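Coordinate inspection notes
Each chain, written out:
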Amino acid sequence: MRALVKFGNKDGEVEIRDVPMPAIGPDDVLLKTMSVGVCGWDIEMWRHKMANPVTVPVIQGHEFCGVIAKCGANVKDYKEGDRAVSETSAVVCGACPQCLTGDYHLCGKRKGFGYGVDGAFTDFVKVPRRCLHRLPDGVDFDHACLTEPGCVAYQSIAVLSRVMPGLPVLIVGPGPIGLFSLQMVKASGAGKVYLAGIDKDAPRFKVAKTLGADRIINVMKEDARAIINDETGGQGVPLVIDAAGNEHALKLAVDVVARQGQITKIGWGPKPVNFSLDPLLSKAVRLQGTFSHNWSAWEAVIAMIRQGTLKMEPMISHRIVLDQWKETFTAIEEGEGVKAVMKFNR
């Protein structure tokens, strides 16, 4: 079968290769891939700009769903033909405090699909039974494969942040995670939601408006600090979601967060920040990190998709097949759209 493989540790060392069908163990299923989301992480792997190490060669792709083609001997509650979506924690130790308390996504030995073990940019993928969630009838495969970025937003906001109903929120970065975060804070009762980005985010600004953003701020043309200060009477916003990750995004968050407020940092930024964090102390601000998600987040997000609370179709700007990977990665990298979905076996 054909697959998109990162084969080296340099920029551009990704290509389509022929790979063998994966062999499953007794606790695994063989999932016939139907739809796979293209994550910013996949593009960073292509460019070799990742914040974490990657095992090579490896089949990329970690946002995926499909149909069960085969079950291992110990898998009794799924059968061939069942529709399912998979979590991303492909390997965990099962014995550390995080695993034993249900926070296995924070296991120190965790390996994820698409970078630690082979992922889903191919026709079939081996998935441990414990990673599976049933896909409700009526939920489209193209929507279901985006459960994972929805879970990133859910874990960050519903679990780890305090959304004050009726009070304002700033989201920095209108990429897919920022747009899912927009939907999450709206669903949680937030008041006015500000969304900040840059010139190349113009296509995403349009999507943000359809998803309920109250005030779009292009920081290359407007002064976000002055706008928020003016509209909040100098108080700032009690919650800032940093979905961009760079030092400029964090500096804006530090400047406009209210006293006793919270900054939730979702976006990765491997470079050092070149400013003082002392305002976090003087304003008694909580800086919250977040990573990945667990079983309960997945069940909640699947329910939100089924109920229509999360709008999935506006998130999809490209539907492609494997041979279109490079042109699509380039387009997404340049801000031409939101999410790409790669289709298989159709």
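Shown above is the structure to which this text applies.
Per chain, residues are indexed from 1 in the order of the written sequence. Owing to the predicted nature of the model, reporting of local features is limited to residues with pLDDT of at least 70; listing and counting of side-chain atom pairs is limited to 80 or more, with chain, interface and lining totals taken over all residues. Side-chain descriptors were evaluated using all non-hydrogen atoms of the structure, hydrogens and water having been removed beforehand.

This part is about the sheet that holds strand E1 (residues 2–6). Read from one edge of the open sheet, 3 strands run E2-E1-E4, paired in antiparallel fashion. On the outer flanks of this sheet lie strand E2 (14–18) and strand E4 (58–59), each paired with one strand and no other. By definition, two strands form a pair when at least two bridges between them are found by DSSP. Secondary structure follows DSSP: runs of H or I at least 4 residues long count as helices, runs of E at least 2 residues long count as strands, and numbering of each begins at the N terminus. Two elements, E1 and E4, share 2 bridges in a ladder whose sense is antiparallel. When the bridges of E4 are listed, Lys 6 appears paired with Val 58.

Axes here refer to lines fitted to C-alpha atoms; in helices the fit is confined to the stretch in contact. Angles between the N-to-C directions go from 0 to 180 degrees. Contact geometry of helix H4 (residues 147–159) with helix H10 (residues 295–307) gives a least axis separation of 9 Å together with a crossing angle of 115°. Our classification of the angle between H4 and H10 gives roughly perpendicular. Remark: the crossing between H4 and H10 carries right-handed chirality. Facing H4, whose interface residues are Thr 147, Glu 148, Gly 150, Cys 151, Tyr 154 and Gln 155, H10 presents Ala 297, Trp 298, Ala 300, Val 301, Ile 302, Met 304 and Ile 305. When an angle is under 35 degrees it counts as roughly parallel; over 145 it counts as roughly antiparallel; between 65 and 115 it counts as roughly perpendicular; any other value is oblique. Left-handed describes a crossing in which the near helix is turned anticlockwise from the far one by less than a right angle; the clockwise case is right-handed. Should any heavy atoms of two residues lie within 4.5 Å, those residues are counted as being in contact.

What follows is about the pattern of salt bridges. Only one rule defines a salt bridge in this text: a Lys or Arg side-chain nitrogen within 4 Å of an Asp or Glu carboxyl oxygen. Within this structure, the stated rule accounts for 18 salt bridges. Notably, a salt bridge pairs Lys 339 with Glu 63, separated by 2.8 Å at the nearest N-O pair. Placement of Lys 339 in strand E18 (residues 339–343) and of Glu 63 in strand E5 (residues 63–71) is noted, with a sequence separation of 276 residues between them. Neither Lys 339 nor Glu 63 differs from the other in exposure class; each is buried. Of the charged contacts in the structure, one is a salt bridge between Asp 255 and Arg 225, with a shortest N-O distance of 2.6 Å. One end of the pair, Asp 255, is in helix H8 (residues 247–256); the other, Arg 225, is in helix H7 (residues 224–231), and 30 residues separate them in sequence. By relative accessible area, which is 36% here, Arg 225 ends up partly exposed. Bridged by salt links that share partners, the residues Asp 142, Glu 313, Arg 319, Lys 343 and Arg 346 form one connected network. Exposure is judged per residue with a 1.4 Å probe applied to protein chains only, and the accessible area is read against the type maximum: over 50% gives exposed, under 20% gives buried, and values in between give partly exposed.

Here the focus is the sheet that holds strand E13 (residues 215–218). Strand order in this open sheet of 6 strands is E13-E12-E11-E14-E15-E16, and the pairing throughout is parallel. Pairing within the sheet leaves two strands with one partner each, and these edge strands are E13 and strand E16 (286–289). Within the sheet, the average angular offset between the axes of one strand and its neighbour, ignoring direction, is 20°. Direction of pairing for strand E11 (residues 169–172) relative to strand E14 (residues 237–242): parallel, over a ladder of 4 bridges. Counterpart to Leu 170 in the pairing with E14 is Val 240. Contacting E11, strand E12 (193–197) and E14, helix H5 (residues 176–187) crosses the sheet at an angle of about 165° to E11. On the sheet, H7 packs against E11, E12, E13 and E14 and is oriented at approximately 150° with respect to E13.

The next thing to look at is the nonpolar core. For soluble globular proteins, nonpolar side chains are generally found buried alongside one another. What is meant by a nonpolar core is a set of buried Ala, Val, Leu, Ile, Met, Phe, Trp, Tyr and Cys residues, joined one to another through side-chain atoms within 4.5 Å. Counting 45 residues, the largest nonpolar core has Leu 146, Ile 171, Leu 179, Leu 182, Val 185 and Leu 310 as the members making the most contacts within it. Setting aside anything within four residues of it in sequence, one finds Leu 179 in contact with Pro 174, Leu 195, Arg 204, Val 207, Ala 208, Leu 211, Met 315 and Val 338. Counting residues in hydrophobic clusters, the runner-up holds 33 residues, among them Ala 84, Val 127, Cys 131 and Phe 344.

Let us look at empty space enclosed by the protein. In the cavity and pocket records, a cavity denotes points on a 1 Å grid over the protein atoms alone where a 1.4 Å probe fits but cannot get out, a pocket denotes an open set with protein on both sides within 12 Å along at least 5 of 7 lines, and lining residues are residues with an atom within 4 Å of a point. Grid points are joined across faces, edges and corners, and a volume is the space filled by probe spheres set on the points. Tallied over the full model, the rule gives 1 cavity of 30 Å³ or more. Of the volumes computed, that of the largest cavity is approximately 30 Å³. Every residue lining the largest cavity is listed: Val 85, Leu 135, Pro 136, Val 139, Ala 144, Thr 147, Ile 302 and Ile 305. In terms of residue class, the lining of the largest cavity is made up of 7 nonpolar, 1 polar and no charged. Under the convention adopted here, Pro, Cys and the residues Ala, Val, Leu, Ile, Met, Phe, Trp and Tyr are nonpolar, Asp, Glu, Lys and Arg are charged, and Gly plus all remaining residues are polar.

When we look at burial in H8, the residues that qualify are Ala 249, Leu 250, Leu 252, Ala 253, Val 254 and Val 256. Polar contacts here mean pairs of N or O atoms no more than 3.5 Å apart (in protein, one a potential hydrogen donor and the other a potential acceptor; neighbouring residues in sequence count only if both atoms are side-chain atoms). The opening residue of H8, the one whose side-chain oxygen lies 3.0 Å from the backbone nitrogen of His 248, is Asn 246.

Glancing now at the layout of surface pockets. One number sums up the size of the second largest pocket: a volume of about 370 Å³. Around the second largest pocket, the lining comprises 22 residues; the ones closest to its centre are Pro 22, Val 117, Asp 118, Gly 119 and Lys 126. Tallying contributions element by element places strand E9 (residues 124–128) first for the lining of the second largest pocket, with 4 residues. Here the lining of the second largest pocket is composed, by residue class, of 16 nonpolar, 2 polar and 4 charged.

Turning our attention to the packing of aromatic side chains. Ring geometry is summarised as follows: Phe, Tyr and Trp rings, the Trp one being its six-membered ring, pair when their centres sit within 6.5 Å, and such pairs are stacked at plane angles under 30 degrees, edge-to-face over 60 and tilted between the two. In this structure the tally under the stated criterion is 6 aromatic pairs. Summarising the aromatic geometry, the rings of Trp 46 and Phe 329 are spaced 5.8 Å apart at their centres and angled 65° between planes, so their arrangement reads as edge-to-face. Highlighted residues: Trp 46 in helix H1 (residues 40–47) and Phe 329 in helix H11 (residues 325–333), separated in sequence by 283 residues. When its relative accessible area of 3% is taken as the criterion, Trp 46 is described as buried. Counting every residue linked through ring pairs, the aromatic cluster contains Trp 46, Trp 325 and Phe 329. For a Lys NZ or an Arg CZ to count as sitting over a ring, it must be within 6 Å of the ring centre and within 35 degrees of the ring normal. A cation sits over an aromatic face here: Lys 251 above Phe 275, 6.0 Å from the ring centre.

Contact geometry for H1 and H11: axes closest at 10 Å, N-to-C directions at 110°. As the angle between them shows, H1 and H11 are arranged roughly perpendicular. Counted together, Asp 42, Ile 43, Trp 46 and Arg 47 of H1 and Trp 325, Lys 326, Phe 329, Thr 330, Ile 332 and Glu 333 of H11 form the full contact between these two elements. For the contact of H1 with H11, a count of residues per class yields 5 nonpolar, 1 polar and 4 charged.

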